[in-house]
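# A look at the structure
The primary structure of each chain is shown beneath.
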Amino acid sequence: MPIPLCPLQLVRDRRKVEEYLKQSLPYLKNAQSTLREAAVRFIGLAARHLRHQNEKKLQDICDALEPLVDDTEPSVQSLAAQTLLILETPRKRPTSGQTVGCCLCGDHQDSG
């Protein structure tokens, strides 16, 4: 099953988020830094859907990202640190009427 390219697909099919996350974890250990970076980016976007649902799985994801804070590639280090900070910080949901944008594909949806 392919991993979705657009985070909006994750919103449409939340029941598969855990499956997509599980499939993407091995890429964190890939020899190519561009694949590690893409995996961190995808995992960060997908894991946000677990923030209020499954604390254990979210912790497992953070544990998998932690070693990348010391990655040999500075861009992977930075992205991993930022992602961990975002995932470990409680987040408010948008208020009614605000628009949530998809930064990768340009789609958006109303949150209210």
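Above this note sits the structure.
Quick summary incoming for the structure in this document.

Cut-offs and rules
- Residues numbered from 1 in each chain as written.
- Predicted model: local features only at pLDDT ≥ 70, side-chain atom pairs only at ≥ 80, totals over all residues.
- Heavy atoms only, no water.
- Core = buried A, V, L, I, M, F, W, Y, C linked by side-chain atoms within 4.5 Å.
- Buried < 20%, exposed > 50% of the residue type's maximum accessible area, 1.4 Å probe, protein only.
- Helix = DSSP H or I, 4+ residues; strand = E, 2+ residues; numbered from the N terminus.
- Contact = heavy atoms within 4.5 Å.
- Arc of directions from axis to C-beta.
- Axes fitted to C-alpha atoms, helices over the stretch in contact; angles between N-to-C directions.
- Parallel < 35°, antiparallel > 145°, perpendicular 65-115°, else oblique.
- Left-handed = near helix turned anticlockwise from the far one by under 90°.
- Nonpolar A, V, L, I, M, F, W, Y, C, P; charged D, E, K, R; others polar.
- Salt bridge = Lys/Arg side-chain N within 4 Å of Asp/Glu carboxyl O.
- Patch = residues over 30% accessible without salt bridge, like charges linked within 9 Å, V, L, I, M, F, W, Y side chains within 5 Å.
- Areas by Shrake-Rupley, 256 points an atom, 1.4 Å probe, with all protein chains shown as cover.
- Lys, Arg positive; Asp, Glu negative; His and termini not counted.
- Charge placed at Lys NZ, Arg CZ, Asp CG, Glu CD.

### Some remarks on the nonpolar core
Ranked by internal contacts, the top residues of the largest apolar core, which has 21 residues, are L21, L28, I61, L65, L68 and L87. Put simply, the parts of the chain that give this core at least two residues each are α2 (17–24), α3 (33–47), α4 (55–65) and α5 (74–88). Looking at this core element by element, the count peaks at six residues for α3. Residues within four places of L65 in sequence aside, it is in contact with L28, V40, I43, A80, T83, L84 and L87.

### With respect to the side chain of T83
With respect to the helices, strands and loops of the structure, T83 is situated in helix α5. Those residues within four positions of T83 in sequence are excluded, and the remaining contacts are V40, G44 and L65.

### Things to note about α2
All of the buried residues in α2 are V17, Y20, L21 and S24. Buried residues of α2, seen end-on, are gathered within an arc of 100° and therefore sit on one face of the element.

### Here we look at the packing of α4 against α5
Close contact between α4 and α5 brings their axes to 10 Å; oriented N to C, the two are set at 160°. Our classification of the angle between α4 and α5 gives roughly antiparallel. For the pair α4 and α5, the sense of crossing is left-handed. Across the interface between the two elements, L58, I61, C62 and L65 of α4 pack against A80, T83, L84, L87 and E88 of α5. Tallied by class, residues from the contact of α4 with α5 come to seven nonpolar, one polar and one charged.

### Thoughts on the pattern of salt bridges
As enumerated under the stated definition, the model contains four salt bridges in all. Notably, a salt bridge pairs E18 with K57, separated by 3.5 Å at the nearest N-O pair. Residue E18 is located in helix α2, and its partner K57 is located in helix α4; the two are separated by 39 residues in the primary sequence. K57 sits in the partly exposed class, given a relative accessible area of 33%.

### Things to note about a negative patch on the surface
There is a patch of like negative charges on the surface, built from D63, E66, D70 and E88. Note on placement: D63 falls in helix α4. The exposure class assigned to D63 is partly exposed, which follows from its relative accessible area of 45%.

### What to know about the packing of α3 against α4
It is the contact of α3 with α4, at a shortest axis distance of 11 Å, that shows an interaxial angle of 160°. Regarding the angle of α3 to α4, the classification is roughly antiparallel. Regarding α3 and α4, the two cross each other, and that crossing is left-handed. For the pair formed by α3 and α4, the contact residues are V40, I43 and A47 on the first element and L58, I61 and L65 on the second. When its residues are assigned to classes, the contact of α3 with α4 shows six nonpolar, no polar and no charged.

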